[in-house]
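# Observations on chain architecture
Read off the chains here:
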Amino acid sequence: MSTPNPITTNDEAWMRHALALADRAEREDDEIPVGAVLVSADGTVLGGGWNRNITEHDPTAHAEIVAMRQAGLRLANHRLLGCTLYVTLEPCAMCAMAMVHARVARVVYGATDPKTGAAGSVFNLLADPRHNHRVEVLGGVLGEEAGRRLTSYFRRKRSKPV
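Quick summary incoming for the structure in this document.

What counts as what
- Per chain, residues are indexed from 1 in the order of the written sequence.
- For this predicted model, a pLDDT threshold of at least 70 governs which residues receive local features, and a threshold of 80 or more governs which side-chain atom pairs are given and counted, while totals over whole chains, interfaces and linings are taken from all residues.
- No hydrogens and no water enter the side-chain calculation; it runs on all heavy atoms of the structure.
- By definition, any uninterrupted DSSP run of H or I lasting at least four residues is a helix, any uninterrupted run of E lasting at least two residues is a strand, and each is numbered from the N terminus.
- Exposure classes here rest on a 1.4 Å probe applied to the protein chains alone. A residue is buried below 20% of its type maximum, exposed above 50%, and partly exposed in between.
- Working rule for contacts: check all heavy atoms of both residues, and any pair within 4.5 Å makes them a contact.
- Counted as a polar contact is a pair of N or O atoms within 3.5 Å, where, for protein atoms, one must be capable of donating a hydrogen and the other of accepting one, and residues adjacent in sequence contribute only when both atoms are in side chains.
- Salt bridges, as used here, are contacts in which a Lys or Arg side-chain nitrogen is within 4 Å of a carboxyl oxygen on Asp or Glu.
- Working rule for helices: expected span equals 1.5 Å times residues minus one.
- Comment: arc refers to directions from the helix axis out to C-beta atoms.
- Here the positive residues are Lys and Arg and the negative ones are Asp and Glu; neither His nor the chain ends is included.

### Looking at the environment of Tyr86
Inspection of the secondary structure puts Tyr86 in strand β3 (residues 84-89). Residue Tyr86 is classed as buried on the basis of its relative accessible area, which comes to 4%. Sequence separation of Tyr86 and Asn53 is 33 residues, and the distance between their C-alpha atoms is 19 Å. Residues in contact with Tyr86, not counting those within four places in the same chain, are Asp11, Trp14, Met15, Ala18, Gly35, Ala36, Val37, Val39, Arg106 and Val108. Here the side chain of Tyr86 touches Asp11 through a polar contact of 2.9 Å, side chain to side chain.

Right, here's the structure in full:
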């Protein structure tokens, strides 16, 4: 796998969009603040969302899956060729493999996930040579900002009386 390109202004702008979606997760649904936006090669937003697994009683409703589902419906295709997925937290194994199956070209994430990250932290599923498709990965884009949101959310949750 080639070395990923450095962070661009577009990457930061799209990550800010994903961060805004993460804010909605917490504000509107009291969900873990993770947001994702899927962008075509020409810069068109194809899908976006935030964690909805608690609200929808659906363990697969992570922000990345929500965004990819929207994009698949919009394109009327299960393949998301040439697309970049921006997500505020490093993808888990489920989301990473969905990206591989969808043939997403690139994932750009904010905060690393030292417990379940599957884009290089704990696992490296997106670059595994055993797959017939590999996803380019760029991590740490606005990672401190994304990480602060997550830390603040969990601190508030844990300080609430039961």
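### Things to note about the pattern of salt bridges
Enumeration according to the criterion identifies 13 salt bridges in this entry. Here Glu145 makes a salt bridge to Arg16, at a shortest N to O gap of 3.1 Å. Of the two residues, Glu145 is situated in helix α4 (residues 143-159) and Arg16 in helix α1 (residues 9-29); the sequence distance between them amounts to 129 residues. Put simply, Lys157 and Asp30 hold a salt bridge, and the shortest N to O gap is 2.5 Å. In this pair, Lys157 sits in helix α4 while Asp30 sits in the loop between α1 and β1 (35-39), placing the two residues 127 residues apart along the sequence. We classify Lys157 as partly exposed; its relative accessible area is 30%. Since its relative accessible area comes to 36%, Asp30 is described here as partly exposed. Connected via shared salt-bridge partners are Arg16, Asp23, Glu145 and Arg149.

### A closer look at α1
Taking 1.5 Å of rise per residue, 21 residues should cover 30 Å, and α1 covers 30 Å from first to last C-alpha, within 8% of that figure. Looking only at α1, the buried set comprises Asp11, Trp14, Met15, Ala18, Leu19, Leu21, Ala22 and Ala25. Taken down its axis, α1 places every buried residue within 160 degrees of arc, on the same side. Of the exposed residues in α1, those oriented more than 90 degrees away from the buried face are Thr9 and Arg27. On its buried face, α1 sits against β1, β2 (45-50), β3, β4 (106-111), β5 (136-138) and α4. Two residues or fewer past α1, Asp30 is found with a positive phi of approximately 50 degrees.

### Description of the side chain of Asp113
Note that Asp113 resides in the loop between β4 and β5. Here Asp113 is buried and forms no salt bridge, its nearest opposite-charge partner Lys115 lying at an N-O distance of 7.1 Å. At a separation of 3.0 Å, a polar atom in the side chain of Asp113 contacts the main-chain amide nitrogen of Lys115. With sequence-adjacent residues up to four places away left out, Asp113 is seen in contact with Leu89, Glu90, Ser121 and Val122.

### Topic: the environment of Leu73
By the secondary structure assignment, Leu73 is in helix α2 (residues 63-75). Looking at Leu73, the relative accessible area reads 73%, which means it is exposed. With 26 residues separating them along the chain, Leu73 and Gly47 place their C-alpha atoms 9.1 Å apart.

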